Amino acid sequence: MKSVNVAVAGATGAVGEVLREMLAERRFPVDRISLLASSRSKGKSFEFDDKQIDVEVLDEFDFSDTQIAFFSAGGEVSAAHAPRAAEAGTIVVDNTSKFRQESHIPLIVPEVNRRRLEDGLDSRIIANPNCSTIQMVVALKPIYDAVGIDRINVSTYQAVSGAGASGVHELADQTSSILNGNGAEVEVHAAQIAFNVVPQIGDFHENGFTTEEWKMVLETQKIFEDESIKVNPTCVRVPVFYGHSEAVHIETREPISVDFARELLKTAEGVELIDEQKKGGYPTAIDHSAGTDPVFVGRLRKDPSHPRGLDMWVVSDNVRKGAALNSIQIAEELLPLLN
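Residues numbered from 1 in each chain as written. Predicted model: local features only at pLDDT ≥ 70, side-chain atom pairs only at ≥ 80, totals over all residues. Heavy atoms only, no water.

Q: It is not clear to me how the state of the cysteines should be interpreted in this structure. Could you clarify?
A: Put plainly, two cysteines are in a disulfide when a covalent bond ties their sulfur atoms together. Applying the stated criterion across every chain, the model contains zero disulfides. Cysteine Cys-131 shares no disulfide, and the gap to the nearest cysteine sulfur, in Cys-235, comes to 8.9 Å. On the basis of relative accessible area, Cys-235 is assigned to the buried category, the value being 0%. (Disulfide = S-S within 2.5 Å. Buried < 20%, exposed > 50% of the residue type's maximum accessible area, 1.4 Å probe, protein only.)

Q: What is the right way to read the sheet that holds strand β6 (residues 91-94) from this model?
A: The strands that make up a sheet pair up through hydrogen bonds in the backbone, lying either parallel or antiparallel. Across the sheet, seven strands lie side by side as β3-β4-β2-β1-β5-β6-β7; this open sheet has mixed pairing. The open sheet has two edge strands, β3 (45-48) and β7 (125-127), and neither has a second partner. Taken over all neighbouring pairs, the strand axes of this sheet differ in orientation by 25° on average, direction set aside. Contacts from helix α10 (residues 320-334) reach β5 (68-71), β6 and β7 within the one sheet, and its direction differs from that of β5 by about 165°. (Pairing = 2+ DSSP bridges. Helix = DSSP H or I, 4+ residues; strand = E, 2+ residues; numbered from the N terminus. Axes fitted to C-alpha atoms, helices over the stretch in contact; angles between N-to-C directions. Contact = heavy atoms within 4.5 Å.)

Q: Explain the nonpolar core here, please?
A: The nonpolar side chains of a soluble globular protein tend to be buried with one another. One finds Phe-63, Leu-140, Ile-143, Ile-152, Val-248 and Met-312 to be the most contacted residues of the largest nonpolar core, which totals 54 residues. By residue number, the principal contributor to this core is helix α5 (residues 131-147), which donates nine residues. Setting aside its immediate chain neighbours within four residues, Ile-152 contacts Met-136, Leu-140, Thr-220, Ile-229, Lys-230, Val-231, Asn-232, Val-248, His-249 and Ile-250. Counting 33 residues, the second-largest nonpolar core is a separate cluster that includes Phe-48, Ile-126, Val-319 and Ile-328. (Core = buried A, V, L, I, M, F, W, Y, C linked by side-chain atoms within 4.5 Å.)

Q: What exactly am I supposed to notice about unusual backbone geometry here?
A: If a residue is not glycine, its phi is most likely negative; likewise, a peptide bond is most likely trans. For Asp-49, which is not a glycine, the phi torsion comes out positive at approximately 55°. Judged by relative accessible area, Asp-49 falls into the exposed class, the value being 54%. Although it is not a glycine, Arg-124 adopts a positive phi angle of roughly 65°. In this structure, Arg-124 sits in the loop between α4 (119-123) and β7. Residue classification places Arg-124 among the partly exposed positions, given a relative accessible area of 23%.

Q: Help me understand the environment of Thr-210 in this model?
A: One can find Thr-210 in the loop between α6 (165-179) and α7 (211-224). Residue class for Thr-210 comes out buried when judged on its relative accessible area of 1%. In the structure, Thr-210 is positioned 24 residues away from Thr-234 in sequence and 8.5 Å away in space, judged by C-alpha atoms. Apart from the residues lying within four places of it in its own chain, the contact partners of Thr-210 are Gln-200, Ile-201, Gly-202, Asp-203, Phe-204 and His-205. Engagement of the side chain of Thr-210 in a polar contact is seen with the backbone oxygen of Ile-201, the distance being 3.2 Å. (Polar contact = N/O pair within 3.5 Å; in protein donor to acceptor, adjacent residues only side chain to side chain.)

Right, dumping it as structure tokens:
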């Protein structure tokens, strides 16, 4: 496959680091890679494909000879520079929330709605969904296709890496401080995260939901192209470094047995089923998802409170499948479409 010039905006951040690693791991056909960040990172360099690549300043970068750019440097940065890159002819895969609800910009999870990728050739910007949404819709896709989904109740248990490198450092620092008999300083998370669970990720809307929760509502409907799906999320930050977990309860439009759902998930793209009714017969963030690519599903069971209800447990690495991997999968799907 023809090699392309690639840029990574936010190359020094947590997702940028994994993007660099995964581009090499998956042997993405990179001719030239440009690592972009703010002026504070000027002078830094990182290894890629056995070469040291100097970090360049995003504000000064010319995108005219770059075919694909991955943006993961925050919504304000994407707002300022993604349109500039698109105008220069670059296709931007954006990992922020900035463009996700723009009607002309596709919101893509390849296992779910890859057919909408060609829309990105017109907009030149493709949005990567929120990490918690991605793993949920990958798990629900085969069931949605088979019997439809009327309602989703979901509680998430989200790792601190979802808040970036600073979130990881805060958990480590608080844990160390508390174990040494001292207090915990809170800066990144809404409350102390060490030895705690925090039912707030993002700011609150007037309706009482947080921004993280409302993303799951709107993004799920957009990805499935079905505004009739009712989504009721509660998003919680937990003291885990990598790997989001979700308790997902769905009400299908037609009845489905647990056995049939299990068979669908066994062959679903991007899914690994671990579903045995015994100790350890289910996926966990530490044992399965952290550092791996699949969306893991387990604890399948019939909801006793609803005739068409089904319960499941969904786990995935939020930095890999929830951000970097999904972005690269989008780019891999785009390569044959590029001139």
